[in-house]
Amino acid sequence: MNKKNIEQILKLKNVKPTAMRMLVLEYFQTTTSAISLRQIEFHFDHSDMSTLYRTLKTFVEHNILHTIDDGSGTIKYAKCIEGCICAPEDLHYHFHCLNCKKTICLTKQNIPSVNLPENFTMSEANMVVKGHCSDCQS
Ligand SMILES: [Zn+2]
Ligand SMILES: [Zn+2]
Ligand SMILES: [Zn+2]
């Protein structure tokens, strides 16, 4: 994905394409797995951390990234699919590989609606399936 496309994605999401934002989004285009906050900090260790955290926050607020708590103890970020507004209907299962520790979005597996008591509303759900990915089968 080239710079022009990265810029396009940001503009579509109403986010001003600053240098840092471009770099962070570019980094997320390199993988289909979720990236942990620690990995992001490590990758951008020469950058200003408060700018980095602000960028991640902006991306989450604008439905560019969503956060995942896969039980590994560190928060992970993954790209939202096109058209995602991070509403309850967009919530999906995640798969966490117990061997290589990678976490991927199962975007075709939406979380079924849950029967909640009267006047309860759902805003988040944390559904993580754990097992072994195709690379770790043998
Ligand atoms: Zn989303
Ligand atoms: Zn694996
Ligand atoms: Zn996801």
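Everything below is about the structure printed above this text.
Criteria and thresholds
Residues numbered from 1 in each chain as written. Chains lettered and ligands numbered in written order. Predicted model: local features only at pLDDT ≥ 70, side-chain atom pairs only at ≥ 80, totals over all residues. Heavy atoms only, no water. Helix = DSSP H or I, 4+ residues; strand = E, 2+ residues; numbered from the N terminus. Rg over C-alpha atoms; globule rule 2.2 N^0.38 Å. Buried < 20%, exposed > 50% of the residue type's maximum accessible area, 1.4 Å probe, protein only. Contact = heavy atoms within 4.5 Å. Donors = N, O, S within 2.8 Å, 3.2 Å for Na, K, Ca; no water. Tetrahedral: all angles 85-135°; square planar, octahedral: opposite > 155°, others 65-115°. Core = buried A, V, L, I, M, F, W, Y, C linked by side-chain atoms within 4.5 Å.

Draft legend 1. Expanded view of the overall build of the protein chain. The helix and strand tally for the protein chain stands at four helices and six strands. Order of helices (α) and strands (β) in the protein chain, N terminus to C terminus: α-α-β-α-α-β-β-β-β-β. By the compact-globule yardstick of 14 Å for 138 residues, the protein chain fits well, its C-alpha radius of gyration being 16 Å. Expressed as lengths along the three principal axes of its C-alpha atoms, the size of the protein chain is roughly 45 × 45 × 25 Å. For the protein chain, the residues scored as buried account for 33% of the 138 residues in total. Within the protein chain, contacts between residues at least 6 apart in sequence are counted, and of these 51% link residues at least 24 apart.

Draft legend 2. Quick look at the coordination of the zinc ion (ligand 1). Each protein donor to the zinc ion (ligand 1) is listed here as C80 (SG), C84 (SG) and C86 (SG); together their distances run 2.1 to 2.2 Å. Look at where the donors of the zinc ion (ligand 1) fall in the sequence and you get C-x3-C-x1-C. Relative accessible area serves as the criterion here: at 14%, C80 is assigned to the buried category.

Draft legend 3. Molecular detail of the coordination of the zinc ion (ligand 2). The protein atoms that coordinate the zinc ion (ligand 2) are C97 (SG), C100 (SG), C133 (SG) and C136 (SG), at distances of 2.3 Å. Around the zinc ion (ligand 2), the four donor atoms sit at angles spanning 105 to 114 degrees, and that spread fits a shape best called tetrahedral.

Draft legend 4. Seen up close, the environment of Q39. Counting through the fold element by element, Q39 comes out in helix 3 (residues 37-43). Judged by relative accessible area, Q39 falls into the partly exposed class, the value being 40%. A C-alpha to C-alpha distance of 9.9 Å links Q39 and T74, two positions 35 residues apart in sequence. Once residues within four sequence positions are removed from consideration, Q39 is found in contact with Y27 and A34.

Draft legend 5. Expanded view of the nonpolar core. With 18 residues, the main nonpolar core has V24, F28, I40 and F59 as its most contacted residues. Those elements that provide at least two residues to this core are helix 1 (3-12), helix 2 (19-28) and helix 4 (49-61). Residue contributions to this core peak at six residues, all from helix 2.

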